[in-house]
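# Summary of structural features
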Amino acid sequence: SILTCSLQSWRLAVVKMGLSQRLLALVSLGASAVAFAPRRLNIPSGQAARLQSAALKASVEDKDKVEVTEYFNNEGFDRWNRIYSASEDVNNVQLDIRTGHDQTIAKVLKWVDEDGDAAGQTFCDAGCGVGSLAIPLAQRGAEVSASDISDAMVSEASRRAEGVLPAEAFSKMNFKTADLESLSGAYDTVTCIDVMIHYPSERMQDMVSKLGSVSNNRLIISFAPKTFFFQALKTIGSLFPGPSKATRAYLHAEEDVKAALANAGFKIKREEFTSTSFYFSRLYEAVRES
């Protein structure tokens, strides 16, 4: 219902739709005022429905972001820090996921090495995690901006980088806590590996568009593809909830991702697929169309 929408979401929806300051004032007084605003302000029912829909969507998006941030700053950080390391304190499922993720990272680096253009190039690794890709890129001479929504992840990535990189290479890295929506700047290549699983389908195109807006030449992204088989696996897995399943997992149709890349002005140059028992990921390298 309308009353379940957060006040912040209502403010955002009102501003985006350009409605009157009087309505914005009513929103500030509380959700109860908003509940009756369409009738009192004579707003057409269609416009009122769009306002409610926008507010509900913003509320869901905020909830997803809060859940992901809190998870990867707390128990999720401990779990995934162990998975993305050489730690032996992992179970068989986590070890399998580590193997799959490592294979995806290796495929990205293989493309970079084949092109031989990492040194002196600028990379933005969005959703860098603990630095699994950002650090090897820096070792190849790239200037890397690494960001993640989790402050704990960013701190660990920086700690690992400082521990293995020469001082000059480390000085070329920039670490910051930021979500995808706040990315800025311009880079030769933008990478976003195993992050789209946290973004619902309706937000995926905006995400790809944002990544493309800060890339001069190339996007490298990975995602869990939405197929009948993988959708069935996800459905079966949801029947057995456990502590590892602390955030929502979203699959994306490959045709939808391709369309989003095309809309952002990119065409696919290379692609790979990684599949283990518990990890599956489609990897695209897309270059800007001239």
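In this report, we go over the structure that sits alongside the text. Remember, it's a predicted structure, so these values are computed and weren't measured experimentally. (Residues numbered from 1 in each chain as written. Predicted model: local features only at pLDDT ≥ 70, side-chain atom pairs only at ≥ 80, totals over all residues. Heavy atoms only, no water.)

Let us look at the pairing of strand 1 (residues 122-126). Where burial is concerned, most of strand 1 is hidden: four out of the five residues are buried. Chirality of the crossover, the property in question, places the unit of strand 1, helix 7 (residues 134-139) and strand 2 (residues 143-148) among those that are right-handed. Two elements, strand 1 and strand 4 (residues 187-192), share three bridges in a ladder whose sense is parallel. Looking at strand 4, one finds that Cys124 is bridged to Val190. (Buried < 20%, exposed > 50% of the residue type's maximum accessible area, 1.4 Å probe, protein only. Helix = DSSP H or I, 4+ residues; strand = E, 2+ residues; numbered from the N terminus. Right-handed = clockwise from strand over helix to strand, strands pointing away. Pairing = 2+ DSSP bridges.)

Helix length check: helix 6 (residues 92-115), at 24 residues, gives a terminal C-alpha distance of 35 Å against a target of 34 Å (1.5 Å per residue), a fit within 8%. Capping the start of helix 6, Asn91 holds a side-chain oxygen 3.1 Å from the backbone nitrogen of Val93, two or three residues further along. (Expected span 1.5 Å × (residues − 1). Polar contact = N/O pair within 3.5 Å; in protein donor to acceptor, adjacent residues only side chain to side chain.)

Turning next to the nonpolar core. By size, the foremost hydrophobic cluster in this structure holds 26 residues, and its most contacted members are Leu133, Leu137, Val144, Leu165, Met173, Phe175 and Ile193. At the level of secondary structure, the elements contributing two or more residues to this core comprise helix 6, helix 7, strand 2, helix 8 (151-164) and strand 3 (173-177). With sequence-adjacent residues up to four places away left out, Leu137 is seen in contact with Leu109, Val112, Phe123, Ala142 and Val144. Counting residues in hydrophobic clusters, the runner-up holds 25 residues, among them Cys124, Val195, Phe223 and Ala286. (Core = buried A, V, L, I, M, F, W, Y, C linked by side-chain atoms within 4.5 Å. Contact = heavy atoms within 4.5 Å.)

We now examine the packing of aromatic side chains. Across all of its chains, the model carries four aromatic pairs by this definition. With centroids separated by 5.4 Å and ring planes inclined at 45 degrees, the aromatic side chains of Trp80 and Tyr84 adopt a geometry described as tilted. Given a relative accessible area of 17%, Trp80 falls into the buried group. Given a relative accessible area of 17%, Tyr84 falls into the buried group. (Phe/Tyr/Trp six-rings, centres within 6.5 Å; stacked < 30°, edge-to-face > 60°.)

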